[in-house]
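Results of the structural survey
Spelled out from the first residue to the last, the chains are:
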Amino acid sequence: MARIVGGFGISHTPSMGLEFDKGMAGAWAPQWQPWFEGTRPVKDWLERVAPDRLMIVYNDHLNHFDFSACPTLAIGVSERYPQADEGWGPRPYPDLLGDTAMSLHMTERLVRGGFDLTVCQDLSVDHGIYSWLPYLFDAPWQVPVCPVAVNMVRHPIPTNQRLWDLGRAIGAAIRAMPGDERVVVVGTGGMSHQISGARFGIANEGLDRWFLRHLGNDPQMLIDTPQEEFMRFGGTEASELAIWFAMRGALSKNVLEAYSYYTFPAVTGCGVVVYEEKT
Amino acid sequence: MSNSMALTLDPPGTFVYTAEMALKGHRLTAFGLSLRQAQNREAFLADEAGYMRRHGLSDADIAHVLARDWTALIAAGGHLQSMLKVAATVGQNLWHIGAHNAGMTVEELMAICPRRISAVPGEES
């Protein structure tokens, strides 16, 4: 049977991807350099645990979906996931690799388990995944992914508890996969930030660090905190933290916190936390 | 420039993108998202008003886009992620939208960001 070797939560922003490209071209921005150095141990950890599949729960920012049909929960079932054009042209990276057998298994298990996912045989992926993946993995990509997209652009968004339950179901489904794959589960959503309205640019480092501190050992306390409270204290887009519950829920109750890092480069709190399953 | 902010979710500080906003701004948001395609960006830049009329935008929405009135567009239900594509197409970015929303220049906004709040749920003073 497949095994979950660990998981991580990570923030995403368009600028962290664009700044990485500029840095690789020789121009690292001083305010972004700590983040790229701070995530280096995550890359080292991934090399050590050597996953051969990634289960990624993320949110699309109206780059693939639009309001003609905007699924609350969707899964990709494809051999390739191209990069979405976010309005300024794609960055120079190949398509993500998919694994249709894994995606079909996950779809089967999750739908039969009560999660009515929209099934996407064509899915382009935006900075929700592409902003951090290129510096945690080297192109050309070797590890196929199974993406699940969560609506965070139009309220109502799924509840904290629903995403935790989704994570529990994802964890059970992965453990029931017939192969011997080593799977890492990823939950990615922005930390404190608000990018519209007169409150544009608010930053709550205390909120983000509080979240990172409790997600490992006391997730229920965070789940019980209303999403409006995250939005009020951390900005409207801090609601994306709910996605991290899907990652945490997929893992065991007792996990080792292998690494955690936080910084605030520009207008978005940037954090990462890595959990490793005990063997 | 004051940097103290109320911890509320009310406009104009905050626009929560509700179903009502989505319905009100349906065409406007769809127009912005059409600019995800390079050929549409070219067509828009060649004739902004004509392109928007072909997409069924109201005269008010067209005027707001031509004036780069990001605050009016957000209030009209244009989703931020969609208006961001309009901004990118006309050579602006998130900071221009944010500065307009916050009622200051881009330089002023950049100078006060990050706008720090320190409180967590349950510990409000």
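To keep things clear, this report deals only with the structure shown in the data block. (Residues numbered from 1 in each chain as written. Chains lettered and ligands numbered in written order. Predicted model: local features only at pLDDT ≥ 70, side-chain atom pairs only at ≥ 80, totals over all residues. Heavy atoms only, no water.)

1. Topic: the overall build of chain B
For clarity, the threshold we go by: Helix and strand assignments come from DSSP, with helices taken as H or I runs of at least 4 residues and strands as E runs of at least 2, each series counted from the N terminus. The rule is simple: take the accessible area with a 1.4 Å probe, protein chains only, and divide by the maximum for that residue type; under 20% is buried, over 50% is exposed, in between is partly exposed. Residue contacts are defined here by distance: any two heavy atoms, one from each residue, within 4.5 Å place the two residues in contact. Here the open area of atoms and residues is found with the Shrake-Rupley method and a 1.4 Å probe, where only the protein chains shown may cover a residue. Counting rule applied: Lys, Arg positive; Asp, Glu negative; His and chain ends not counted. A single reference atom marks each charge: NZ on Lys, CZ on Arg, CG on Asp, CD on Glu.
If you tally the helices and strands in chain B, you get nine helices and one strand. Taking the principal axes of the C-alpha coordinates as reference, chain B spans close to 50 × 30 × 25 Å. Across the 125 residues that make up chain B, the buried fraction comes to 50%. A separation of at least 24 residues holds for 52% of the contacts in chain B among residues at least 6 apart in sequence. Carbon and sulfur atoms provide 53% of the accessible area of chain B, an area that totals close to 5,900 Å². Computed over 10 positive and 12 negative side-chain charges, the separation of the two mean positions in chain B equals 8 Å.

2. Observations concerning the overall build of chain A
In terms of helices and strands, chain A carries 11 helices and 11 strands. Reported as C-alpha extents along the three principal axes, the dimensions of chain A are approximately 50 × 45 × 40 Å. Buried residues in chain A amount to 66% of all 279 residues. Taking contacts inside chain A between residues at least 6 apart in sequence as the whole, the part at least 24 apart equals 82%. Just so you have it, chain A exposes about 9,700 Å², and 50% of that area is on carbon and sulfur atoms.

3. Observations concerning the nonpolar core
In summary, soluble globular proteins display a tendency toward joint burial of nonpolar side chains. Residue and element names in this part refer to chain A. What counts, and what does not: We call a set of buried Ala, Val, Leu, Ile, Met, Phe, Trp, Tyr and Cys residues a nonpolar core when their side-chain atoms join them within 4.5 Å.
With 57 residues, the main nonpolar core has Met55, Met106, Ile170, Ile174, Phe211 and Leu215 as its most contacted residues. With seven residues, the top contributor of residues to this core is helix H11 (residues 242-250). With sequence-adjacent residues up to four places away left out, Ile170 is seen in contact with Met55, Val57, Met106, Leu110 and Ala250. Counting residues in each nonpolar core, the second largest holds 40 residues, with Val5, Tyr93, Ile129 and Ala149 among its members.

4. A few points about the pairing of strand S8 (residues 182-188) of chain A
Residues and elements named next belong to chain A. Condition: Here a strand pair is declared whenever DSSP counts at least two bridges between the two strands.
Most of S8 is tucked away: six of the seven residues are buried. Note: strand S1 (residues 3-10) against S8, seven bridges, orientation parallel. By the bridge assignment for S8, Gly6 is matched with Val184. Looking at chain direction, strand S2 (residues 53-58) and S8 are connected through five bridges and run parallel.

5. As for the packing of aromatic side chains
For clarity, the threshold we go by: For Phe, Tyr and Trp, where Trp contributes only its six-membered ring, two rings pair if their centres lie within 6.5 Å, and the inter-plane angle classes them as stacked under 30 degrees, edge-to-face over 60, or tilted in between. Charge-over-ring contacts are defined here by two conditions on Lys NZ or Arg CZ: a distance within 6 Å of the ring centre and an angle within 35 degrees of the ring normal.
Applying the stated criterion to the full structure yields 18 aromatic pairs over all chains. On the numbers, 6.1 Å between centres and 80° between planes, the contact of A:Phe211 with A:Phe230 is edge-to-face. Remark: A:Phe230 occurs in helix H10 (residues 227-234) and A:Phe211 occurs in helix H8 (residues 205-215); sequence separation between them is 19 residues. The two residues A:Phe211 and A:Phe230 agree in class, both being buried. What links up through ring pairs into an aromatic cluster is the set A:Phe20, A:Trp28, A:Trp32, A:Phe36 and A:Tyr135. The ring of A:Tyr275 is capped by A:Arg248, whose NZ or CZ atom sits 5.4 Å from the centre of that ring. Over the ring of A:Phe264 we find B:Arg116; its NZ or CZ atom is 5.6 Å from the centre of that ring.

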